[in-house]
Amino acid sequence: MPIIDAFRHPVLRPDESSLFDLSDVNWASWHDAYVSEADQHQVAASGICVMDQNVLSDPAFLRTVSQLRESMRGWFTLQLDLKVPDPEAVIRAAADAGCRGITFHSYLQRISKSEFPAVIELCQRASEVGLFVGLCTAYGSRELYLYDNLRLTVEILNHVDCPVVMYHTGGAKILEAMLIAEMWSNVYLETSFSLSYWLNSSVETDLAFAFRKLGCDRVMFGSDAPFVDLQTAISDHEQFLQQHDFSDADRDNIMGKACQQMLMVQS
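Residues numbered from 1 in each chain as written. Predicted model: local features only at pLDDT ≥ 70, side-chain atom pairs only at ≥ 80, totals over all residues. Heavy atoms only, no water.

Visitor: How should I be thinking about unusual backbone geometry in this particular structure?
Guide: A negative phi angle characterises most non-glycine residues, just as the trans form characterises most peptide bonds. The omega torsion of the bond from Ala-225 to Pro-226 falls at 5 degrees, within 30 degrees of zero and hence cis. You can see Pro-226 is positioned in the loop between strand E8 (219–220) and helix H10 (230–243). The backbone phi angle of Thr-169 is positive, close to 55 degrees, even though this residue is not glycine. Tracing the backbone through its elements, the reader meets Thr-169 in the loop between strand E6 (164–167) and helix H7 (174–183). Looking at Thr-169, the relative accessible area reads 1%, which means it is buried. A positive phi angle, close to 55 degrees, is found at Asp-245, a residue other than glycine. With respect to the secondary-structure elements, Asp-245 resides in the loop between H10 and helix H11 (248–266). (Helix = DSSP H or I, 4+ residues; strand = E, 2+ residues; numbered from the N terminus. Buried < 20%, exposed > 50% of the residue type's maximum accessible area, 1.4 Å probe, protein only.)

Laid out in structure tokens, this is it:
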């Protein structure tokens, strides 16, 4: 089964501030560099999260979306800015541009409980136009106790039926993420950053337990590149799968098949 990377970023260097302003990205050059890196590591396709919705009016970006869609080498998701006057119009523009999903990041976007209803409504609108929903469920940062991404995930799941991807698998809260996924069959866990970060810890054991308990057909490999080097991410996953005696079928599910299935359900 070819590798599918469910989560990476459209920048070539690990600079978090660059994620929110993509105006200086040469999309043709980025496309070529991305495809070259993917080929080098035998990655068939990737999900690419953009956090700057101004790209939706950039013809070069739109050509890249179309090019990757036609070659089946990748798809884009858009992190919605809750502060724009008409976020529903942005959702429609994202769908028209060929994006496959929307994403939210609780602590980067400072999504408090009072904003949950607005986020839920946007997720409903996204589902209506055929987009899936992705949520960063990492656990950390200086806002560790201010923004509850797992609670937001549950609130959304009470209102949508489209695929919902829990990026980063809840981090150190993997067992809570697993319990959520057990209750909603439209949930997929995605491994980027967290699996590499928690290797050789007790959380690694919990990750293995959670994947088996839930079923590897609902667990998707992600790299978080370039914040985790793509080759490192792949090697860490291969080490993890071997260390915990996952079968070849489990490996195929995690490294590509589950993501492929999620995209088919969402189409």
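Visitor: Which parts of the structure should I look at to understand the pairing of strand E4 (residues 101–105)?
Guide: The two faces of a sheet get side chains in turn, since along a regular strand they alternate between them. A large share of E4 lies buried, amounting to five of its five residues. A two-sided burial pattern is seen for E4, the buried positions comprising Gly-101, Thr-103 and His-105 on one face and Ile-102 and Phe-104 on the other. Here three bridges tie strand E3 (residues 74–79) to E4, and the two strands are oriented parallel to one another. Paired with Gln-79 across the strands is Thr-103, a residue of E4. Handedness of the crossover joining E3 and E4 through helix H3 (residues 87–97): right-handed. Of the strand pairs in this sheet, E4 and strand E5 (residues 132–136) are connected by five bridges, and their pairing is parallel. Pairing of His-105 across the sheet is with Cys-136, part of E5. (Pairing = 2+ DSSP bridges. Right-handed = clockwise from strand over helix to strand, strands pointing away.)

Visitor: Sorry, what's going on with the layout of surface pockets here?
Guide: Rolled over the atoms, a probe as big as a water molecule pinpoints where empty space is left. Empty space within the largest pocket amounts to approximately 480 Å³. Taken together, 27 residues make up the lining of the largest pocket; nearest its centre are His-105, Tyr-107, Ala-138, His-168 and Asp-224. Listed by contribution, the elements that provide at least two residues to the lining of the largest pocket are E4, helix H4 (106–109) and helix H8 (194–197). The biggest single contributor to the lining of the largest pocket is E4, with three residues. For the second largest pocket, the calculated volume is near 330 Å³. (1 Å grid on protein atoms, 1.4 Å probe; cavity = no way out; pocket = protein on both sides within 12 Å on 5 of 7 lines; lining within 4 Å. Points joined across faces, edges and corners; volume = space filled by probe spheres on them.)

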